[in-house]
Amino acid sequence: MTTLYLNVIAGGILIGIVYALIALGLTIIFGVMRIVNFAHGEMVVIGMYVGYGIWSVTKIPPWMIAPVAALALFMLGYALQRSIVNAFIERPQHAQFILFISFALIITGLHLVLFGPDSRPIDIIESMQSYSIGPLRLDVVRSQAALMALALITGLILFLRQSMLGRSIRAAADNLIGAQVIGIRIRNVYSVTAGIGMACAGAAGALVAPMFDTQPFLATDFTLIAFIIVIVGGLGSLTGALLGGVIIGLSEALAALVFSPALKTVFSYALLTIVLIWRPNGLFGEQSR
Amino acid sequence: MKRALSPRPWPAFVFFLVVAGLGPVLDSFWLSLLTLVFFYALMGLSWNLMMSAGLLSLGHALFLGLGAYTTAVLTASGGISPWLAIPAGTVISALAGSMIAWVGGRFSVRGVQFAVLTIAFAELVRVLFDNWNFVGGTGGFFLKAINPDTNRPLLTLRGGALFFYFAFLAITAAAYFLVQRLMASRWGFRWRAISEDEDAARALGVPALRSKVLAVAISAGLAGLGGGLFGLMQGSLFPDSTMRLQLSIEVLIAPIVGGLGSPFGSVMGAFFVVPLMEFANVLGQRTGYYGVNTLIYGIVILAVIAFLPHGIWPRVVQFVRSARPA
């Protein structure tokens, strides 16, 4: 019995790390631009199709494809920001929201036209295998995905801390006017940030492709999971996104085990409501407002 | 200033009267299309009311669904007259709305967080209904078929296409005049003040919590009213269609495309968006590419939000004013 719970907890943490990567993308975009990417789940699904597509041609395991998906989504995010979203930075919040809803509809529409509504499973032998560590049995696909996600998250945090560009992104998030005063080209920072945020979603998409069968309508679920995580953790907070991802991964896994798999989202929403009432700006959000 | 906020009611009155006069001469295709237009216009008016108080609702399907389910369950399982069941649904939706507004307002959940709170409640209730056998769960709730020969639409509130055409037109027109009056009332000014700057509004003595609860209660009530009648028209209800998140999103497109500033924008938006939606659906079915409708929909919204930031209706008004000699 304890082993069962331990295994479920471990599985929840592993998927939680991948969720954290998705949420990290959403929170970085919000932290710098104060824009909520309502099409985040759609970006995850693009990543899933990249993962599925490359796997079905080359049979390279999907976790190794994640950096490619990240690169593809980086370019998409950068281009979208440059061509359209930068013009919406000063517009009211609901206008930005509608803009991203239109992106979401267009992406899902394109997925449906190009690939149809059928789900596309990735059949690999690793899906059946698991690593045994003492009494623990860790799903191979999940472990690989979590390790890759962890590597990408570490890389991203190092980039934000060490590189010049990363520092200008943090500067823009901390103090927009100050950043402009010292000569940071803010539009460029925005475009790179959008690219990074969507790259996180894309990489996570390739990682989850073997776990959830790829299909266009998964997008809403991922958008909602990412929303729940960043709001529980605190919009704009990196720590919040990372811990929030693990919390939601755990809560989903435990709710599915203790109650029923159908109720796992209810559990997340209940958690969200409690956190919002207790700390309206999330666990790690700025509380003074 | 006062004139601009409360335009003379008779142009809108004439408009609704002309649309009503069209009813008997339309064929069943146009009847059902325009009925859907009225329904989305009503939902848009309701959504726009919350937006005017600065509250972004992404869970409007909850209010619609609660109204629809309450009305359907009371009439079918309780044997209660729909004349009482629809008001009951309206009240239940309004209560649910007040509760969400109170939680949000009391614990200062604002902006994006409030929008996600509305999603959270809507999804919670949807999953609850999915697993609640009394209302049919995922299998859905069905109204008994009516016998068209013995049925008296004014008693059962269920009738043919023409009946629902007039029914939806009537409540949509009523809702329009209600929202119009409210926006010009003291509450309308309070809502706009809150949406501009809540802290400043409070400092000036605006009762923020009460104003917000009232806005959401009326908005949710209107959605519940429309939902109740919609349920009677459909005859079947499923949590995954009546309460789904996509519906909450669909509802907010017409008011935004039409123009957020004025209630008539919501009505105009529905006249533009719903036929487009139907056209895109038909195109999707004809070509066999089911994503075509979603794609067209997204592109049109993108075009409107990028090139007509204040929506279609204000632009039309501007055009008419400029064409007329001052």
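None of the values given here were measured: they were computed from a predicted structure.

A. Here's a closer look at the overall build of chain B. Across its full length, chain B holds 16 helices and two strands. For chain B, whose C-alpha radius of gyration is 20 Å, the value lies close to the compact-globule estimate of 20 Å for 326 residues. Across its three principal directions, the C-alpha atoms of chain B cover 55 × 50 × 40 Å. When the 326 residues of chain B are sorted by exposure, 50% land in the buried category. Residue pairs at least 24 apart in sequence account for 78% of intrachain contacts in chain B once pairs closer than 6 positions are excluded.

B. Spatial organisation of the overall build of chain A. For chain A, the helix and strand inventory stands at eleven helices and two strands. Each helix and strand of chain A, placed in order from N terminus to C terminus, yields the pattern α-α-α-α-β-β-α-α-α-α-α-α-α. Each principal axis of the C-alpha distribution contributes one length, and for chain A these read about 60 × 45 × 35 Å. Burial analysis of chain A (289 residues in total) assigns 55% to the buried set. Pairs at least 24 residues apart make up 78% of the contacts formed inside chain A by residues separated by at least 6 positions.

C. Examining the nonpolar core more closely. Residue and element names in this part refer to chain A. Val18, Leu21, Leu24, Ala149, Ala203, Ala204 and Leu207 are the most contacted members of the largest nonpolar core, which totals 206 residues. Here this core gets 16 residues from one element, more than from any other, and that element is helix 1 (residues 2–33). Contact partners of alanine 203, with chain neighbours within four places excluded, come to Leu21, Gly47, Ala66, Pro67, Ala69, Ala70 and Leu152.

D. Region of the structure containing the interface of chain B and chain A. Opposite the 34 residues of chain B that make contact, chain A presents 34 residues. The leading source of residues in the side of chain B that touches chain A is helix 6 (residues 111–130) of chain B, at eleven residues. Its residues assigned to classes, the side of chain B that touches chain A comprises 25 nonpolar, seven polar and two charged.

E. The environment of valine 189 of chain A, seen in detail. Within the secondary structure, valine 189 of chain A is located in helix 8 (residues 186–208). Along the backbone, valine 189 of chain A and aspartate 123 of chain A are 66 residues apart, and their C-alpha atoms lie at a distance of 40 Å.

F. Up close: helix 4 (residues 93–115) of chain A. Compared with the 33 Å implied by 1.5 Å per residue over 23 residues, the 33 Å span of helix 4 of chain A between its first and last C-alpha is a close match. Taken from the residues just after helix 4 of chain A, glycine 116 of chain A is the one with a positive phi, measuring 75 degrees.

G. Looking closely at the pairing of strand 1 (residues 130–133) of chain A. Residues and elements named next belong to chain A. Relative to strand 2 (residues 136–139), strand 1 runs antiparallel, the two being bridged by four bridges. Note that in strand 2 the partner of serine 130 across the bridge is aspartate 139. Linking strand 1 to strand 2, which pair antiparallel, is a turn of two residues; within it glycine 134 sits at a positive phi near 60 degrees.

H. Here's a closer look at unusual backbone geometry. All names here are of chain A. Positive phi, normally seen in glycine, also occurs at arginine 34, with a value near 60 degrees. Mapped onto the secondary structure, arginine 34 falls in the loop between helix 1 and helix 2 (40–58). For arginine 34, a count of 16 C-beta atoms within 10 Å corresponds to the partly exposed category. A positive phi angle, close to 65 degrees, is found at lysine 59, a residue other than glycine. One can find lysine 59 in the loop between helix 2 and helix 3 (62–83). Judged by C-beta crowding, with 8 C-beta atoms within 10 Å, lysine 59 ranks as exposed.

I. Broad picture of the environment of valine 18 of chain A. Residue and element names in this part refer to chain A. Mapping valine 18 onto the fold places it in helix 1. Separated by 127 residues in the primary sequence, valine 18 and alanine 145 have C-alpha atoms spaced 6.9 Å apart. Valine 18 has contacts with Ala145, Ala146, Ala149, Ala204, Leu207 and Val208, leaving out every residue within four places of it along the chain.

J. Representation of the packing of helix 1 of chain A against helix 9 (residues 218–233) of chain A in the model. Residue and element names in this part refer to chain A. For the pair helix 1 and helix 9, the least separation of the axes is 9 Å and the interaxial angle reads 75 degrees. When the interaxial angle is binned, helix 1 and helix 9 end up roughly perpendicular. Along the contact surface, helix 1 presents Tyr19, Ile22, Ala23, Leu26 and Thr27, while helix 9 presents Phe222, Ile225, Ala226, Ile229, Val230 and Gly233. Taken together, the residues of the contact of helix 1 with helix 9 break down into nine nonpolar, two polar and no charged.

K. Looking closely at the confidence of the model for chain B. Residues and elements named next belong to chain B. The share of residues in chain B with pLDDT of 70 or more is 97%, and the mean pLDDT across the chain is 89. Within chain B, the element-level pLDDT minimum falls on helix 1 (residues 2–5), averaging 48, and the maximum on helix 11 (residues 208–234), averaging 96. For this predicted complex, the interface score ipTM comes out at 0.86, while the overall pTM is 0.89.

L. Structural detail: the environment of arginine 279 of chain A. In this fold, arginine 279 of chain A is placed in the segment after helix 11 (264–278). In this structure, the C-alpha to C-alpha distance between arginine 279 of chain A and valine 232 of chain A, residues 47 residues apart in sequence, is 8.8 Å.

Calculation criteria
- Residues numbered from 1 in each chain as written.
- Chains lettered and ligands numbered in written order.
- Predicted model: local features only at pLDDT ≥ 70, side-chain atom pairs only at ≥ 80, totals over all residues.
- Helix = DSSP H or I, 4+ residues; strand = E, 2+ residues; numbered from the N terminus.
- Rg over C-alpha atoms; globule rule 2.2 N^0.38 Å.
- Buried ≥ 20, exposed ≤ 12 C-beta atoms within 10 Å, placed from the backbone.
- Contact = placed C-beta atoms within 7 Å.
- Core = buried A, V, L, I, M, F, W, Y, C linked by C-beta atoms within 7 Å.
- Nonpolar A, V, L, I, M, F, W, Y, C, P; charged D, E, K, R; others polar.
- Expected span 1.5 Å × (residues − 1).
- Pairing = 2+ DSSP bridges.
- Axes fitted to C-alpha atoms, helices over the stretch in contact; angles between N-to-C directions.
- Parallel < 35°, antiparallel > 145°, perpendicular 65-115°, else oblique.
- pLDDT = per-residue confidence, 0-100.

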